[in-house]
Amino acid sequence: MKGEPLSLVFLWHMHQPYYKDPLSGSYRLPWVRLHGTKDYLDMVEILREFPGIRQNFNLVPSLLEQITDYAEQGAVDVFLEMSRKKSSELNEDDKIFILGNFFLANWDNMIRPFPRYYELLVKRGTHIRKSDLERAARYFTSSDFLDLQVLFNLCWIDPLFRQGDPDLKRLVEKGRNFSEEDREFVIGKQIGILGRIIPAYREMALSGRVELSFSPFYHPILPLLCDTDIAKVSSPDAELPARRFSHPEDAEKQIAMGMEYFNATFGFSPSGMWPSEGSVSEEVLRIASGKGIKWVATDEGVLSHSLNMR
């Protein structure tokens, strides 16, 4: 009714796909490392300034596993390997890779605040093809590449940490002509931030400031694991596989593995679950309830379909 307060719950879904190549052991993409230093820790650190606010975070096992891999096992990704390589030893392919990938950041909010970084972007060109990269590489000096290696990794560190850490603040003010030591320092800071993420969420959860939930371990679509024919319920025109797949025990295993990993990571069992892509069915809810899950979140589209409000 008019005048009554509106109750809102924010559920922040922290998810990254599993980027690790099982053969090489290297990560194909750097997004766990980079978003880990820009987004995941500051989200919970900011809450310390607002003790009256409670928040909910869903932490996906594949994300937690990769954060731990970087922080404790020294995981590497291709971008990190290119960041650590001495600029004087970069070959032609390395230079093209760096010029093609080290401007993958929001140009207005992450690159422009660093005048030298934006200068290098303009020098490379803002609309380019691979042939342009080969040409541009000839005009980039070792000092240009070293500055680019530092600034790419520095811009992905959240401003909260760049401003609060005197050494990072000094590097921001230095702005250019970085050294090899500066580059290693920035990378070390990244790994240090990654190592603080899980303990910070654990601490805030144990204090009652946040609630943590989980997702099934390998992020499968649970209703389809239980029975592919369930797709016809929400999408009558859906084209189904020729061979029906129905293994609810797999769905149960995915939930159990997610819960076990969560418990091992945080030291307590979760009460809630965000099912992969918000996908639910009556069978999935029965399995989740049987595992002790007290709540499952999904979206209003699923609700409207369930109530025949399409």
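You'll find the structure just up there.
Here's a quick rundown of the structure. What you see is a predicted model; the values in this text were computed from it and never measured. (Residues numbered from 1 in each chain as written. Predicted model: local features only at pLDDT ≥ 70, side-chain atom pairs only at ≥ 80, totals over all residues. Heavy atoms only, no water.)

Some details on the environment of Asp42
This is how it is decided: In this description a helix means any DSSP run of H or I spanning at least four residues, a strand means any run of E spanning at least two, and both kinds are numbered starting from the N terminus. We call two residues contacting when some pair of their heavy atoms lies within 4.5 Å.
Following the sequence through the fold, Asp42 ends up in helix α1 (residues 31–45). Sequence separation between Asp42 and Ile157 is 115 residues, and the spatial gap between their C-alpha atoms is 9.9 Å. Excluding anything up to four places from it in sequence, Asp42 contacts Asp158, Leu160 and Phe161.

Examining the packing of aromatic side chains
So the rule is basically this: The rule is short: rings of Phe, Tyr and Trp, with Trp giving its six-membered ring, pair when the centres are within 6.5 Å, and they are stacked under 30 degrees, edge-to-face over 60, tilted in between. Ring-over charges, as used throughout, are those where CZ of Arg or NZ of Lys falls within 6 Å of the ring centre and within 35 degrees of the ring normal.
Considering all chains together, one arrives at 16 aromatic pairs under this definition. Ring geometry for Phe262 against Phe268: centres 5.5 Å apart, planes inclined by 85°, an arrangement best described as edge-to-face. Sitting over the ring of Phe140, Lys123 keeps its end group 5.1 Å from the ring centre.

Comments concerning the packing of helix α4 (residues 92–101) against helix α7 (residues 130–137)
The condition that has to hold: All axes are obtained by fitting lines to C-alpha atoms, using only the stretch in contact for helices, and the reported angles, taken between N-to-C directions, cover 0 to 180 degrees. Angles are sorted into four bins: roughly parallel if under 35 degrees, roughly antiparallel if over 145, roughly perpendicular if 65 to 115, and oblique for all others. Left-handed describes a crossing whose near helix is turned anticlockwise from the far helix through less than a right angle; right-handed describes the clockwise counterpart.
The geometry of α4 relative to α7 is characterised by a closest axis approach of 9 Å and an angle of 115° between their N-to-C directions. Between α4 and α7, the interaxial angle falls into the category roughly perpendicular. The crossing of α4 and α7 is right-handed. Together, Glu92, Lys95, Ile96, Leu99 and Gly100 of α4 and Leu133, Glu134, Ala136 and Ala137 of α7 make up the contact between the two elements.

Observations concerning the layout of surface pockets
Here is the rule we go by: For cavity detection a 1 Å grid was placed over the protein atoms alone, and a set of points counts as a cavity when a 1.4 Å probe fits there but cannot get out; an open set counts as a pocket when protein lies on both sides within 12 Å along at least five of seven lines, with lining residues being those that have an atom within 4 Å of a point. Grid points are joined across faces, edges and corners, and a volume is the space filled by probe spheres set on the points. Residues are grouped as follows: Ala, Val, Leu, Ile, Met, Phe, Trp, Tyr, Cys and Pro are nonpolar; Asp, Glu, Lys and Arg are charged; every other residue, Gly included, is polar.
By volume, the largest pocket amounts to about 570 Å³. For the largest pocket, the lining is made up of 23 residues, of which Val233, Ser234, Val280, Ser281 and Val302 are closest to its centre. Taken together, the elements giving at least two residues each to the lining of the largest pocket come down to α12 (222–226), α13 (231–234), α15 (282–290) and α16 (300–306). Broken down by element, the residue count for the lining of the largest pocket peaks at four residues, all from α16. A breakdown of the residues in the lining of the largest pocket according to their chemical character gives eleven nonpolar, nine polar and three charged.

Description of empty space enclosed by the protein
The full count for this structure, using the stated rule, is one cavity of 30 Å³ or more. Along its surface, the largest cavity is lined by Met14, Tyr40, Leu59, Leu63, Leu64, Ile67, Ile197 and Tyr201. Breaking the lining of the largest cavity down by element, the ones donating at least two residues are α2 (61–73) and α11 (180–206).

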